[in-house]
Amino acid sequence: MSVQAAATALVIALLGAGVILWWRLVLSPTARANRPAPCVAEWPIPVAEFLRFLLCVICGTVLGGILGGLALKLRPLGPDAKMIFLTACSQAGWIAGLAVFKLGVERVPLSTLAVGRRDLRDGAALFLLALPLALIAGLAWHGVLHACGLPVEKQDLIGLFQRVRAPVWLTLLVVCGAVLAPVAEELVFRAGIFRFLRTRVPRWGAYALSACVFAGLHLNLASFAGLVALGVVFSAGYERTGRIATAIVAHGLFNLLAVIEVLAGIGG
């Protein structure tokens, strides 16, 4: 069996498992009757404090990019390697900004981010639940874009995965996509924006607004609807478990599968 065929079989199997979990955990009469109460604690911080949270993230991201740019002056890189390096620096700065707020301002211990067996199990289930919904939303959205005569262009990072061959840069790109991005984005969009909104606006509004901001900041029209679907599912998983590590695991697995698809020639 070729790598492409094996990757296709893997995706189909995961989609099938996701459909089964949708019935067992969400849609079946038993699941609906035994739906647990939300576990996410309220985040009763003032608006000014929330804006400080966002400012820490923005400043950390910008500073990471600036430091990365200064490092590149000492050792210039090719266009693709430069983009990967700056992406890693920006994401590291994003996480550093979060750490400044969490540890210095909010004084939350890092132990709250520890990933346990339950997070791995629930995160894997959440990943499987997200797959079919993201696929359906993405296909429907692409149909709308085609009907409107709008281009369906892949994300820049997908093009990087298709072009880069140097092991060190490919490894760093995988780390960015499957580790740094899930950690940073889940802490901001789910543990930050969604948690802030869920007790201040109608519940559907918290889901929709946080998911749309999450999708919009990826700056890719073609992937917007699929990312909105992911944002909604990850928020639901976070709300049900009360563990941001669960959403981080699910996000990391989703991005890792996307990497496998691209490298196998069936994605992008």
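Being a predicted model, the structure only gives us computed values, none of them experimental.

This part is about helix H7 (residues 167–197). With 31 residues, H7 should reach 45 Å at 1.5 Å per residue; the first-to-last C-alpha distance of 42 Å fits that figure. Its axis deflected by about 40° at Cys176, H7 carries its strongest bend there.

So, about the pattern of salt bridges. The tally for this structure, following the rule as stated, stands at eight salt bridges. Between Glu49 and Arg52 there is a salt bridge whose closest N-O contact spans 3.9 Å. Placement of both Glu49 and Arg52 in helix H3 (residues 47–74) is noted, with a separation of three residues, approximately one turn of the helix. Here Asp80 ties to Arg163 by a salt bridge, and the two come within 2.8 Å at their closest N and O atoms. Of the two residues, Asp80 is situated in helix H4 (residues 79–105) and Arg163 in helix H6 (residues 156–163); the sequence distance between them amounts to 83 residues. On the accessibility criterion, Arg163 (47% relative accessible area) is partly exposed. Among the charged side chains, a network of salt bridges with common partners joins Arg118, Arg121 and Asp122.

On to the side chain of Glu186. Its location among the elements puts Glu186 in helix H7. At a separation of 2.6 Å, a polar atom in the side chain of Glu186 contacts the side chain of Arg190.

Time to look at a nonpolar patch on the surface. Among the surface-exposed residues, Ile58, Val62, Leu63, Ile66, Leu67 and Leu70 lie close enough to one another that they form a single nonpolar patch of about 560 Å² accessible area. Checked against the element boundaries, Leu70 lands in helix H3.

The relation between two aromatic rings is expressed through the spacing of the ring centres and the mutual angle of the planes. Applying the stated criterion to the full structure yields 10 aromatic pairs. Chaining the aromatic ring pairs together yields one cluster made of Trp43, Phe50, Phe53, Phe101 and Phe196. One Lys or Arg, Arg190, reaches over the ring of Phe214 and ends 4.4 Å from the middle of that ring. A cation over an aromatic ring shows up here: Arg195 above the ring of Trp43, its NZ or CZ 4.3 Å from the ring centre.

When a protein is soluble and globular, its nonpolar side chains tend to lie buried together. Counting 47 residues, the largest nonpolar core has Phe127, Val188 and Leu230 as the members making the most contacts within it. Breaking this core down by element, the ones donating at least two residues are helix H1 (3–27), H3, H4, helix H5 (117–147), H7, helix H8 (203–216), helix H9 (224–241) and helix H10 (244–264). Among the elements that make up this core, the one with the highest residue count is H7 (nine residues). If we ignore the near neighbours within four places in the chain, the residues touching Phe127 are Leu14, Ala250, Leu253, Phe254 and Leu257. Of all hydrophobic cores here, the second largest spans seven residues; its members include Ile84, Val164, Val259 and Val262.

Let's shift gears to the layout of surface pockets. A probe as big as a water molecule, rolled over the atoms, marks out the empty space that is left. The volume enclosed by the second largest pocket comes to roughly 660 Å³. Lining the second largest pocket we find 24 residues, and of these Val26, Leu129, Ala236, Gly237 and Arg240 sit closest to its centre. Listing elements by their share of the lining of the second largest pocket, those giving two or more residues are H1, H5, H8 and H9. Its residues assigned to classes, the lining of the second largest pocket shows 14 nonpolar, three polar and seven charged.

Of note in this structure, Leu219 is not a glycine but carries a positive phi near 55°. By secondary structure assignment, the location of Leu219 is in the loop between H8 and H9.

The next subject is the packing of H6 against H10. Where H6 contacts H10, the two axes come as close as 9 Å, and the packing angle between them is 50°. Viewed along their axes, H6 and H10 adopt a mutual orientation that is oblique. Here H6 runs over H10; the crossing is right-handed. Between H6 and H10, the contacting residues are Ile158, Phe161 and Gln162 on the first element and Val259, Val262 and Leu263 on the second. For the contact of H6 with H10, the class distribution of residues is five nonpolar, one polar and no charged.

With that settled, consider the side chain of Glu239. The residue Glu239 is located in helix H9 in this model. You can call Glu239 buried: its relative accessible area is 3%. Separated by 3.3 Å, the side chains of Glu239 and Arg198 make a polar contact. Other than its neighbours up to four places away in sequence, Glu239 contacts Pro38, Cys39, Val40, Phe194, Arg198, Arg203 and Tyr207.

Conventions adopted
Residues numbered from 1 in each chain as written. Predicted model: local features only at pLDDT ≥ 70, side-chain atom pairs only at ≥ 80, totals over all residues. Heavy atoms only, no water. Helix = DSSP H or I, 4+ residues; strand = E, 2+ residues; numbered from the N terminus. Expected span 1.5 Å × (residues − 1). Bend = angle between axes of the 7 residues up to and from the residue. Salt bridge = Lys/Arg side-chain N within 4 Å of Asp/Glu carboxyl O. Buried < 20%, exposed > 50% of the residue type's maximum accessible area, 1.4 Å probe, protein only. Polar contact = N/O pair within 3.5 Å; in protein donor to acceptor, adjacent residues only side chain to side chain. Patch = residues over 30% accessible without salt bridge, like charges linked within 9 Å, V, L, I, M, F, W, Y side chains within 5 Å. Areas by Shrake-Rupley, 256 points an atom, 1.4 Å probe, with all protein chains shown as cover. Phe/Tyr/Trp six-rings, centres within 6.5 Å; stacked < 30°, edge-to-face > 60°. Lys NZ or Arg CZ within 6 Å of the ring centre and 35° of its normal. Core = buried A, V, L, I, M, F, W, Y, C linked by side-chain atoms within 4.5 Å. Contact = heavy atoms within 4.5 Å. 1 Å grid on protein atoms, 1.4 Å probe; cavity = no way out; pocket = protein on both sides within 12 Å on 5 of 7 lines; lining within 4 Å. Points joined across faces, edges and corners; volume = space filled by probe spheres on them. Nonpolar A, V, L, I, M, F, W, Y, C, P; charged D, E, K, R; others polar. Axes fitted to C-alpha atoms, helices over the stretch in contact; angles between N-to-C directions. Parallel < 35°, antiparallel > 145°, perpendicular 65-115°, else oblique. Left-handed = near helix turned anticlockwise from the far one by under 90°.

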